[in-house]
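# What the coordinates show
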Amino acid sequence: MSVTTAALDPSVCAPLPVLGQDVTVPLVTGGEVVYAALDYAASAPALQRVWDDVAAYAPYYGSVHRGAGYLSQLSTDLFENSRRTVAEFLGCRAEDQVVFTRSTTDSLNLLAAALPADCQVFVYETEHHASLLPWRDARVTYLDAPRTPAQAVETLERALADRDPYGPALVCVTGASNVTGELWPVKELAAAAHAHGARIVLDAAQLAPHHPVDIAELDVDWVAFSGHKLYAPFGSGVLAGRADWLREAEPYLAGGGASRKVSRRADGGVDVDWHTTAARHEAGSPNVIGVYSIASACKALTEAGIDNLVAREQELVSRVREGLAEVPEVQVLSLFGDDAPRVGVISFVVRGWNSSHFAAALSAEYGIGVRDGLFCAHPLVRTLLGSDPQDPGECGAPEAEPGERSLNAIRVSFGAGTPDEHIDRFLRAVSELVRDGARWNYRTEDGRCVPDRGEAARTA
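Here is what the cut-offs are and how they apply
Residues numbered from 1 in each chain as written. Predicted model: local features only at pLDDT ≥ 70, side-chain atom pairs only at ≥ 80, totals over all residues. Heavy atoms only, no water. Pairing = 2+ DSSP bridges. Helix = DSSP H or I, 4+ residues; strand = E, 2+ residues; numbered from the N terminus. Axes fitted to C-alpha atoms, helices over the stretch in contact; angles between N-to-C directions. Expected span 1.5 Å × (residues − 1). Buried < 20%, exposed > 50% of the residue type's maximum accessible area, 1.4 Å probe, protein only. Salt bridge = Lys/Arg side-chain N within 4 Å of Asp/Glu carboxyl O. Core = buried A, V, L, I, M, F, W, Y, C linked by side-chain atoms within 4.5 Å. Contact = heavy atoms within 4.5 Å. Phe/Tyr/Trp six-rings, centres within 6.5 Å; stacked < 30°, edge-to-face > 60°. 1 Å grid on protein atoms, 1.4 Å probe; cavity = no way out; pocket = protein on both sides within 12 Å on 5 of 7 lines; lining within 4 Å. Points joined across faces, edges and corners; volume = space filled by probe spheres on them. Nonpolar A, V, L, I, M, F, W, Y, C, P; charged D, E, K, R; others polar. pLDDT = per-residue confidence, 0-100. Parallel < 35°, antiparallel > 145°, perpendicular 65-115°, else oblique. Left-handed = near helix turned anticlockwise from the far one by under 90°. Patch = residues over 30% accessible without salt bridge, like charges linked within 9 Å, V, L, I, M, F, W, Y side chains within 5 Å. Areas by Shrake-Rupley, 256 points an atom, 1.4 Å probe, with all protein chains shown as cover.

## Here we look at the sheet that holds strand E14 (residues 345–350)
Taking strand neighbours across the sheet as the criterion, the four strands line up as E13-E14-E17-E16 in an open arrangement whose pairing is antiparallel. Of all the strands in the sheet, just strand E13 (330–332) and strand E16 (371–373) have a single pairing partner and so form its edges. Strand-to-strand twist across the sheet, computed as the mean angle between neighbouring axes with direction ignored, equals 30°. Across three bridges, E16 lies against strand E17 (residues 409–413) in antiparallel orientation. Bridge pairing in E17 links Gly373 to Ala409.

Right under this line is the structure:
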């Protein structure tokens, strides 16, 4: 998988308008500043275009697949047209299904529930918990973190060749790491999986917002992603790909919409004829607005020009990496090395700093929002930090006090809506904090590092 590096056309590569771009936040040192949202890997701000589309639809809100009235039919058409838009965005094959879910986590749990009997799952320890943990009813082989893309392929090939018995198998892999931003060799892993009779699901939660995803071109069996990382509001997700395992599995949820016919038996029981389409796993009243917002985001990104968005983001990635490299105390975390292609997700630690203390100072003193912790990828971050599996540390709940060593990291992430000024402010803040220290005192409260209500640590 390659990253586009075509020359930028300034007329089409300005940041896309997003919600909250003019929101100001208070600084603990006094005054206010426009908030710099640099936590896209957790939740990207919704595109203004998406919000406008949803607002335009809202007066026509109606129940999907449930009524003969005009608004119900309009909403049904919008819902099913959204399915087609997402299929086109993902390059789905003619026989693929697009199932709407609540999130990437929900999508992968749905697939886990649809696995055939005796299916063996192969997953790298480097995965986000959403793709590391759903396979509780399957035989799971956890693969060690590879240090090169080639090693990732070799590790998988060996594991698949050695599996016993030789039955159904599924490989689960991320497209872009939510910790390092590094791109994984998805096409090569798909080829290895298929060569050994296995299928593969791509966790595209961090890939789809930053890079083209084409199911047919990558030759993966399924793709999962979340709307809230693709510049849409919370609460919707997608599982797209092969229909057979989904069609043969029991419905993910039992209820209205999933059933085609329900009848009473003579013995008093109930017989159910379930749908064989995507509706089989979409029981209940669907999140029409969430689905429409995903489709709107897909259209907006396509119309803006994916190649141009990728090229601009790569310029930002280069600027951040070069800026951090100028601060000797900063160590950027990487699995595949400095030359590995990556999206706008970068994690690092700062020598002499508790990572949560550093992130709190970025927020309180500079109005910059980043993420600190283990990023719901505990095994990977522990591997990158060279820690013992039993060392203390939790995702988003650091145990160390400000100034103490902590088993967590800082993550800065950005994308199509990030202004240049936010990147400049972030790099300046990192340099000043490392050189001069924080201007305020901080304490741990309810598992979070927060500004102390007392005096400033030093004169501003």
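## A closer look at helix H9 (residues 288–304)
In this model, H9 (17 residues) spans 24 Å end to end at C-alpha, consistent with the 24 Å of a helix rising 1.5 Å per residue. For H9, the buried fraction is high: 13 of the 17 residues fall into the buried class. Looking one or two residues beyond H9, the residue adopting positive phi is Gly305, at roughly 95°.

## Some details on the pattern of salt bridges
For the coordinates displayed, the defined rule picks out 25 salt bridges. Between Arg93 and Asp96 there is a salt bridge, and its shortest N-O distance comes to 2.9 Å. For Glu421, the salt bridge goes to Arg425, with nearest N and O atoms at 3.0 Å. Residue Glu421 and its partner Arg425 are both found in helix H13 (residues 420–436); the two are separated by four residues, about one turn of the helix. For Arg425, a relative accessible area of 4% corresponds to the buried category. Taken together, the shared-partner salt bridges connect Arg199, Asp221, Arg242 and Asp244 into one network.

## Notes on the nonpolar core
Counting residues in each nonpolar core, the largest one holds 82 residues, and the members touching the most others are Leu90 and Phe225. Those residues in contact with Leu90 that lie beyond four places of it in its chain are Val213, Asp214, Ile215, Val223, Phe225, Val238 and Ala240.

## Notes on the packing of aromatic side chains
With the rule as written, the count across this model stands at nine aromatic pairs. Here Tyr40 and Tyr231 contribute two aromatic rings whose centre-to-centre distance is 6.0 Å and whose plane-to-plane angle is 70°, an arrangement assigned as edge-to-face. Remark: Tyr231 occurs in the loop between strand E9 (222–226) and strand E10 (237–241) and Tyr40 occurs in the loop between strand E3 (36–37) and helix H1 (48–57); sequence separation between them is 191 residues. Pair check on accessibility: Tyr40 and Tyr231 agree, each one buried. Among the aromatic residues, those joined into a cluster by ring pairs are Phe348, Trp353, Phe358 and Phe426.

## Quick look at empty space enclosed by the protein
All chains considered together, the criterion is met by two cavities of 30 Å³ or more. Approximately 90 Å³ is the volume attributed to the largest cavity. Lining the largest cavity are Ala208, Pro209, His210, His211, Pro212, Leu301, Ile306, Leu309, Val310, Glu313, Gly415 and Ala416. Examining the composition of the lining of the largest cavity, we find that four residues originate from one element, helix H10 (residues 306–325), more than from any other. Taken together, the residues of the lining of the largest cavity sort by class into eight nonpolar, three polar and one charged. Every residue lining the second largest cavity is listed: Cys13, Ala14, Leu309, Arg312, Glu313, Gly415 and Ala416. Residue classes in the lining of the second largest cavity are distributed as four nonpolar, one polar and two charged.

## A short note on the confidence of the model for the chain
In the predicted model, the chain carries a mean pLDDT of 92, and 92% of its residues have values of at least 70. Counting interchain partners and residues more than four positions distant, the pLDDT-below-50 stretch residues 2–8 has 17 contacts. Under a pLDDT of 50 for its full length, residues 394–398 has, in the predicted model, 18 contacts with residues more than four places off or in other chains.

## What about the packing of H9 against H10?
In contact at an axis separation of 5 Å, H9 and H10 are set at 80° when each is read in the N-to-C sense. One way to sum up the angle between H9 and H10 is to call them roughly perpendicular. In this structure, H9 contributes Leu301, Thr302 and Ala304 to the contact, and H10 contributes Ile306, Asn308 and Leu309. Per-class residue counts for the contact of H9 with H10 are four nonpolar, two polar and no charged.

## Examining the pairing of strand E11 (residues 259–264)
Across the six residues that make up E11, only a small minority, zero, are buried. Looking at chain direction, E11 and strand E12 (residues 270–274) are connected through five bridges and run antiparallel. Bridge pairing links Ser259 to Trp274 in E12. With antiparallel pairing between neighbouring strands as the criterion, E11 and E12 make up a hairpin whose turn holds five residues, including Gly268 at a positive phi of roughly 95°.

## Section: the packing of helix H11 (residues 355–366) against H13
With their axes 11 Å apart at the nearest point, H11 and H13 run at an angle of 115° to one another. Crossing angle aside, the handedness with which H11 passes H13 is right-handed. In this structure, H11 uses Phe358, Ala361, Leu362, Glu365 and Tyr366 to contact H13, whose residues at the interface are Arg425, Phe426, Ala429, Val430, Glu432, Leu433 and Val434.

## Quick look at the environment of His194
Along the chain, His194 falls in helix H6 (residues 186–195). Through-space distance from the C-alpha of His194 to that of Leu230 is 29 Å; in sequence the pair is 36 residues apart.

## Structural notes on a nonpolar patch on the surface
Residues Tyr60, Tyr70 and Leu71 make up a contiguous nonpolar surface patch of about 340 Å² in total accessible area. With respect to the helices and strands, the residue Leu71 is situated in helix H2 (residues 70–89). Taking relative accessible area as the criterion, Leu71 reaches 34% and is therefore assigned partly exposed.

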